[in-house]
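Here is what each chain is made of, one letter per residue.
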Amino acid sequence: MPVAIYPGSFDPLTNGHLSLIQRSLKMFDKVIVAIAVNPKKTPLFTEDERRDLIRDAVKDPRVEVDAFHGLLVDYVKRRGVSVIVRGLRAVSDFEYEFQLANMNRKLAPTVETVFMMTGEDYFYISSQLVREVASFNGDVTGLVPPNVHEALKAKFARKT
């Protein structure tokens, strides 16, 4: 079975992300969790913090954590991988993801995108929503791994 790349900002990693990683490992020998670094955005967690949070939450040796700058398809080609895994939470995600997949296919015809539906327990979770709830001292237990929960509490304790 091939290697797949699961890209995203992972700012922060959620239990929905973890579910997709674990389910991807049932189809692929290895999953590269690729942190997208966008210089136009100011993330809550630095690239290194996100990398460490993911590594701490995912202990499976078949999961590699990496980061990339620029176009995803360029990164995928550099890594010699031909499959991208993307999660779909709701119908609203589909249109955007469909556009991305087709643009990626135009740029790199040998790269395929595999869509996975998010589990019913996590379809409403997004990193943005988790950040917002945590910023107001809301309880995000069960939405993120325990290490991420602690990191969020520490991050927002410094901001108050």
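Residues numbered from 1 in each chain as written. Predicted model: local features only at pLDDT ≥ 70, side-chain atom pairs only at ≥ 80, totals over all residues. Heavy atoms only, no water.

*Asks:* Describe unusual backbone geometry, naming the residues involved and giving the relevant values.
*Replies:* Residue P12 follows D11 across a cis peptide bond; omega there is 5°. At F10, a position not held by glycine, the phi torsion is positive, near 50°. Along the chain, F10 turns up in the loop between β1 (3–8) and α1 (15–24). Phi is positive for N137, which is not a glycine, with a value near 60°. (Helix = DSSP H or I, 4+ residues; strand = E, 2+ residues; numbered from the N terminus.)

*Asks:* How would you sum up the layout of surface pockets? Please name residues and give values.
*Replies:* A volume near 1400 Å³ is recorded for the largest pocket. Contributions of two or more residues to the lining of the largest pocket are made by β1, α1, β2 (30–37), α3 (72–79), β4 (83–88), α4 (91–107), β5 (112–117) and α5 (127–135). Ranked by residues supplied to the lining of the largest pocket, first place goes to α4 with eight residues. Here the residues of the lining of the largest pocket sort into 22 nonpolar, 15 polar and eight charged. (1 Å grid on protein atoms, 1.4 Å probe; cavity = no way out; pocket = protein on both sides within 12 Å on 5 of 7 lines; lining within 4 Å. Points joined across faces, edges and corners; volume = space filled by probe spheres on them. Nonpolar A, V, L, I, M, F, W, Y, C, P; charged D, E, K, R; others polar.)

*Asks:* Run through the UniProt feature "binding site: substrate" (unreviewed entry) in the chain, naming residues and quoting values.
*Replies:* When the UniProt feature table is mapped to this numbering, "binding site: substrate" (unreviewed entry) covers S9, K41, L72 and R86. Of the annotated set named above, S9, K41, L72 and R86 line the largest pocket. Summarising the element assignment, S9 is placed in the loop between β1 and α1. Ignoring any residue separated from it by four or fewer positions in sequence, one finds S9 in contact with I35, A36 and R50. (UniProt positions renumbered as here; feature names shortened; annotations may be inferred. Contact = heavy atoms within 4.5 Å.)

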